[in-house]
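This is what each chain is made of:
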Amino acid sequence: MASLEERFVAAMVLGAVGDAMGYKNGVWEVCTSGVTIHSEVKKLGGVSALNLTRKEFMVSDDTVLHIATAEALISDWKDKETLFCTIAQKYKDGQKDMAGRAPGAVTKQGASMLRPKVRGGYRIPYNPRGGGCGAAMRSAPIGLRFYRPEQLDDLVAVAVESGRMTHNCPTGYLGSVATALFVSYAIQRKPINSWGKGLMEFYKSVSHSAGASWEELCLRGVLHGGDNDSTGIIAGSCWGALYGFEGVPEVNYKKMEYKDRLFALGQDLCKITVSAATSKCQLLWVAVSGVKGPSIMEEDVEDTDIIKEDKEVNLLQDQSLGKGQEDFMVNIEHIGIHWRIRQVAMANLKKVVVMVTR
């Protein structure tokens with residue numbers, strides 16, 4: 001099973017894979033025949049043989065702003081005003097890297113009106129024609145950064161505000177919320193069929209094909225004769241958040257444009273998100289096995305929000321404790337979160353059983 005970090009990285013990288021694959025330097029993005037695209041893919045050896053180099057499969061504007069969103073989220077922001085201004089600046093800067101990437105007219109118009117150095121300058125006028133998927137295709141990193149259920153308000157606030165920076169119309173910025181929310185569900189490993197009823201056909205295709213194979217997902221959710229690059233970046237991000245790189249041929253991303261940058265962003269997003277979770281972790285119970293000493297008794301702990309299954313952790317040899325050592329660090333992974341629990345140690349400690357809550 002893929003680790004939390006792998007799934008963060010894969011969500012960033014495979015989102016770009018889906019984008020580059022669906023875009024194919026603009027050729028497949030504008031092709032309206034899925035049959036034609038599938039025929040061409042077959043001639044190239046199938047999805048598993050697609051070598052996504054920059055020359056043949058450059059990323060579109062979608063990945064440029066996917067990266068911009070992630071870079072803003074890992075920046076040193078103290079409040080949402082600072083974060084929103086940073087996102088706005090990243091979106092403006094991203095417009096300098098659009099040659100050959102086919103940015104949408106709504107995105108270009110909206111970005112041109114942003115004034116990130118002015119307080120509130122990330123807001124642009126309402127645009128009744130500001131629909132489309134331009135906000136949805138870049139919001140996956142928001143679902144990574146705010147994936148925990150208790151962060152839902154932050155997820156919605158950041159997804160809406162970042163979406164409105166270019167697509168200030170409900171049919172535009174609510175797509176940003178949908179993508180971010182579904183990526184957060186994927187990281188939580190919620191069953192896909194619980195993500196909501198009445199979803200657009202694309203999300204139905206994800207639920208039907210993701211359980212089968214990466215190739216099937218690409219054929220249904222990326223290479224279908226529609227807006228391939230935009231559905232591709234969303235499909236790839238969801239797959240990565242759910243499964244990591246499982247089933248994905250390395251050739252699909254080994255030489256992809258911006259690969260190293262995307263890997264690093266995924267790792268940084270994971271580190272920041274886990275750090276935020278760790279700082280809020282509360283130790284409820286530590287039961288020491290094989291020794292006598294002070295501990296928090298089980299009967300003193302309420303049942304609310306306690307993780308159901310206990311975690312037994314055997315200390316590695318290089319973590320063996322000698323007399324006089326006062327504390328140690330135990331790393332536990334539960335639902336993808338690495339909890340760091342600190343507790344006073346005793347001589348000859350062999351193992352501990354811990355229960356924690358967020």
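A brief look at the structure comes next. This is a predicted model, so every value here is computed, not measured.

1. Side note on helix 3 (residues 61-73)
Helix length check: helix 3, at 13 residues, gives a terminal C-alpha distance of 19 Å against a target of 18 Å (1.5 Å per residue), a fit within 8%. By the criterion of burial, helix 3 is predominantly enclosed, with 13 of the 13 residues buried. The opening residue of helix 3 is S60, an N-cap whose side-chain oxygen sits 3.0 Å from the backbone nitrogen of D62.

2. Some words on the pattern of salt bridges
Considering all chains together, one arrives at 12 salt bridges under this definition. Note that R101 is salt-bridged to E257, the shortest N-O span being 2.7 Å. With R101 in the loop between helix 4 (80-94) and helix 5 (105-113) and E257 in the loop between helix 11 (228-243) and helix 12 (259-279), this residue pair connects regions lying 156 residues apart in the sequence. We classify E257 as buried; its relative accessible area is 7%. A network of salt bridges, in which partner residues are shared, links R54, D97, R101 and E257.

3. Quick look at the environment of T107
With respect to the secondary-structure elements, T107 resides in helix 5. Residue classification places T107 among the buried residues on the basis of a relative accessible area of 3%. Not counting residues within four places of it along the chain, the set of residues in contact with T107 comprises L65, Q95, G134, T166 and H167.

4. Re the side chain of R148
Looking at where R148 falls in the secondary structure, it is placed in the loop between helix 6 (140-145) and helix 7 (152-164). Classification of R148 by relative accessible area gives buried; the value is 2%.

5. With respect to the nonpolar core
With 83 residues, the main nonpolar core has L14, V17, M21 and W214 as its most contacted residues. Apart from residues no more than four positions distant in its own chain, W214 is found in contact with L14, V17, V47, G236, W239, G247, V248, P249 and N252.

6. Focus: helix 2 (residues 34-43)
Restricting attention to buried positions, one finds in helix 2 the residues G34, I37 and V41. What you see down the axis of helix 2 is that its buried residues fit within an arc of 60 degrees, all on one side. Exposed and oriented more than 90 degrees from the buried face of helix 2 are V35, K42 and K43. Of the surrounding elements, those touching the buried residues of helix 2 are helix 11.

Criteria and thresholds
- Residues numbered from 1 in each chain as written.
- Predicted model: local features only at pLDDT ≥ 70, side-chain atom pairs only at ≥ 80, totals over all residues.
- Heavy atoms only, no water.
- Helix = DSSP H or I, 4+ residues; strand = E, 2+ residues; numbered from the N terminus.
- Expected span 1.5 Å × (residues − 1).
- Buried < 20%, exposed > 50% of the residue type's maximum accessible area, 1.4 Å probe, protein only.
- Polar contact = N/O pair within 3.5 Å; in protein donor to acceptor, adjacent residues only side chain to side chain.
- Salt bridge = Lys/Arg side-chain N within 4 Å of Asp/Glu carboxyl O.
- Contact = heavy atoms within 4.5 Å.
- Core = buried A, V, L, I, M, F, W, Y, C linked by side-chain atoms within 4.5 Å.
- Arc of directions from axis to C-beta.

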